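Coordinates in review
Residues per chain are reported as follows:
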Amino acid sequence: MMMKRTYIKDIKDKIGEEIKIAGWVDVRRDHGKLIFIDLRDMSGKIQTVALPNHKEARDAASKLRSEWVVEIVGKVNKRPEKMVNKDEVNGNVELEIMKVKILNEAVTPVFGINDDGREVNEETRLANRYLDLRRGRMQKNLRMRHEVMKFIRNYLSDNNFTEIETPLLTKSTPEGARDFVVPSRLYNGKFYALPQSPQQYKQLLMAGGMEKYFQIAKCLRDEDTRGDRQPEFTQLDLEMSFADQKDVMGLTEEMFIKAVKELYPQKKIQQIPFPIITYKEAMEKYDSDKPDLREDKNNPDLLAFCWVIDFPFFEKTEKGGWTFTHNPFSAPKPEYVEMLMRKEKIGEILTTQYDIALNGFEAGGGSVRNHKTEALQKVFEIMGFEKEKIWRDFGHMLRAFSSGAPPHGGIALGLDRVMMILQNEPNIREVIAFPKTGDARDPMMDSPSEISEEQIAELGIQIKKSANKSKI
Ligand code: ASP
């Protein structure tokens, strides 16, 4: 009968039994008579030992090298008292090897994976990410990211939210960053844009009567990358109908508090309810709109959340016109609606925008939306858009709002940044399985890369000779 595989974490409960495990050779220590193989699977590590009396198994074990993939059948023995390692999960047991089956060999790894990898050059780590991901720290980061996403999905589902996917091939949205564009083969000369966020679609879902939406969504912005930025990143995006500022902030706050309590019980939230400060106060007191309010910045387990509200709606452009500070689809605060409609004292209009800062990082932001057609038109007029352009670019939003859109509001949280802070990592690349380098490349896939002449011709585009240069 085929023996079922045991996960390494479960071995400690199987003393005296014969079991089969599978995984990677972490280290091999050849002590002459005894050969120790530390084997690793996704659940943990175990010391296995080949004894001289099982000759065949011992010969096989002597061939093994780091990162070879093997299946081992063996007997679970209690370690002699003085060999017990109390700090390890399986420190009180070891597996006496009976049979070794080599499932795959491995070339000598380009870097060690038994440590946290912080000393290894990042380009090399990313070029060999499949190997880098095997290290304990990366395994933990990705598994905790999954736990957080699972928590979010359950929490929001329990609060009557529906997870809905929105398109990746869409149209340029005015969200402040540069769009990634995709040339259309079927409509030469036309382009899709990849979404900077699902902002417009989620509002259209509110017009569509879905009432409570969320999505763990990929957002794409063609910006210069920085430590806590990536060309593509993940947001927890949500939107709710018949909701005001308090509702969205309350829901978000409760979600964070419960997630930390359940998944990071060692961490302490400095202040509950989260403090709320105005943009003006934040700038005057901390010279930052995402202040770091931690009382003790050396404590890695302290989380200081803080809401920032009352941002100006518009700011001056370099050319002397106006543009939005955060989101053109936000509603002004109720007391400024009149001013917006009359396009008066534009610089003084405050928006319903709320940002959430965590330990000095912007963890997310959202607003109550402008669900009135005329008011949304005014925003675009203030930004200097002609009527024709407004209808060409945003006609779908204006038509949706005039067909019975409920009042609504929402928020988006930067999942990568939140995970970076929760996992005490220095940058978001450490909590993303396959991030781009600081200068937006994927050295493993060698992307971005050229495409064939045929592909270019089909798309009806031309590459300038001088374009073969990098912009950085
Ligand atoms: N779409 C906004 C953003 O990506 C968030 C929101 O207002 O919901 O920043």
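Residues numbered from 1 in each chain as written. Predicted model: local features only at pLDDT ≥ 70, side-chain atom pairs only at ≥ 80, totals over all residues. Heavy atoms only, no water.

Comments concerning helix α11 (residues 415-422)
For α11, a buried count of 8 out of 8 residues is recorded, marking the element as mostly surrounded by other parts of the structure. Just downstream of α11 lies N424, where phi reads positive at about 55 degrees. (Buried < 20%, exposed > 50% of the residue type's maximum accessible area, 1.4 Å probe, protein only. Helix = DSSP H or I, 4+ residues; strand = E, 2+ residues; numbered from the N terminus.)

What about the packing of helix α5 (residues 199-207) against helix α10 (residues 387-401)?
Contact geometry for α5 and α10: axes closest at 10 Å, N-to-C directions at 25 degrees. On the basis of their axis angle, the class for α5 and α10 is roughly parallel. In this structure, the crossing between α5 and α10 has a hand that is left-handed. Along the contact surface, α5 presents Q200, Q203, L204 and A207, while α10 presents F394, H396, M397, A400 and F401. Of the residues contributing to the contact of α5 with α10, the split by class is 6 nonpolar, 3 polar and no charged. (Axes fitted to C-alpha atoms, helices over the stretch in contact; angles between N-to-C directions. Parallel < 35°, antiparallel > 145°, perpendicular 65-115°, else oblique. Left-handed = near helix turned anticlockwise from the far one by under 90°. Contact = heavy atoms within 4.5 Å. Nonpolar A, V, L, I, M, F, W, Y, C, P; charged D, E, K, R; others polar.)

A word on the side chain of S367
Checked against the element boundaries, S367 lands in strand β18 (residues 361-368). Here S330 takes part through its side chain, which lies 2.7 Å from a polar atom of the side chain of S367. Those residues in contact with S367 that sit more than four places away from it in its chain are S330, T352, Q353, Y354, G409 and G410. (Polar contact = N/O pair within 3.5 Å; in protein donor to acceptor, adjacent residues only side chain to side chain.)

Notes on the site of the ligand
By nearness alone, every residue bordering the ligand is listed as E175, S197, Q199, K202, R221, Q235, N327, G365, G366, R369, I411 and A412. In the environment of the ligand, an oxygen atom lies 2.7 Å from a nitrogen or oxygen atom belonging to the side chain of K202. Here an oxygen atom of the ligand sits 2.9 Å away from a polar atom, N or O, in the side chain of Q235. Relative to its unbound accessible area of 270 Å², the ligand is 85% covered by the protein chains. Counting only elements with at least two residues in the shell around the ligand, the list comes to α5, β18 and β19 (408-414). Of the residues that constitute the shell around the ligand, the class distribution is 2 nonpolar, 6 polar and 4 charged. (Near = heavy atom within 4 Å. Areas by Shrake-Rupley, 256 points an atom, 1.4 Å probe, with all protein chains shown as cover.)

With respect to helix α4 (residues 136-158)
The end-to-end C-alpha distance of α4 is 32 Å, a good match for the 33 Å that 23 residues give at a rise of 1.5 Å each. Those residues of α4 lying buried are R137, M138, N141, M144, R145, V148, M149, F151, I152, Y155 and L156. Elements in contact with the buried residues of α4: α2 (122-127), α3 (129-132), β9 (212-220), β10 (232-241), α6 (245-263) and α11. One or two steps after α4, the chain reaches N160, where phi turns positive at roughly 70 degrees. (Expected span 1.5 Å × (residues − 1).)

Digging into the pairing of strand β17 (residues 354-358)
For β17, a buried count of 5 out of 5 residues is recorded, marking the element as mostly surrounded by other parts of the structure. The two faces of β17 match: Y354, I356 and L358 on one face and D355 and A357 on the other face are all buried. Note that strand β14 (residues 305-309) and β17 share 5 bridges and pair antiparallel. Within β17, the residue paired with C306 across the bridge is A357. Bridge count for β17 against β18 is 5 bridges, and the pairing is antiparallel. From the neighbouring strand, I356 faces β18, where its bridge partner is G364. The antiparallel hairpin formed by β17 and β18 contains 2 residues in its connecting segment, where N359 sits at a positive phi of about 50 degrees. (Pairing = 2+ DSSP bridges.)

A word on the sheet that holds strand β5 (residues 93-104)
Within the closed barrel, the 5 strands sit side by side as β1-β2-β3-β5-β4. Their pairing is mixed. Put simply, the sheet's adjacent strands are angled 55 degrees from each other on average, direction ignored. With 2 bridges joining them, strand β3 (residues 44-50) and β5 adopt parallel strand pairing. Paired with T48 across the strands is L95, a residue of β5. Running at roughly 65 degrees to β5, helix α1 (residues 55-63) makes contact with β1 (18-31), β2 (34-41), β3 and β5 of the sheet.

Focus: the sheet that holds β18
Ordered by their spatial adjacency, 8 strands build an open sheet running β6-β9-β10-β19-β18-β17-β14-β12, and the pairing between neighbours is mixed. Unpaired on one side and paired on the other, β6 (162-163) and β12 (276-278) mark the two borders of the sheet. Inspection of the sheet shows β9 paired to β10 by 9 bridges, in the antiparallel sense. Each bridged residue has a counterpart across the sheet, and for C219 the counterpart in β10 is F233. Where α4 meets the sheet, its contacts fall on β6, β9 and β10, and the angle it forms with β9 comes to roughly 150 degrees.

Observations concerning the packing of aromatic side chains
The full count for this structure, using the stated rule, is 11 aromatic pairs. Between F274 and F305, the aromatic rings sit 4.4 Å apart at their centres with planes inclined by 5 degrees, giving stacked as the arrangement. Of this pair, F274 sits in the loop between β11 (268-269) and β12 while F305 sits in strand β14, and the two are 31 residues apart along the sequence. Note on accessibility: F274 and F305 belong to one class, buried. Centroid distance F329 to F380: 6.1 Å. Interplanar angle 75 degrees. Geometry classified as edge-to-face. Separated by 51 residues along the polypeptide, F329 in the loop between β16 (322-324) and α8 (337-342) and F380 in helix α9 (residues 373-382) bring together distant segments of the chain. F380 matches F329 in its accessibility class, with the two residues each being buried. Taken together through their ring pairs, the aromatic side chains of F329, F380, F385 and F394 make up a single cluster. (Phe/Tyr/Trp six-rings, centres within 6.5 Å; stacked < 30°, edge-to-face > 60°.)

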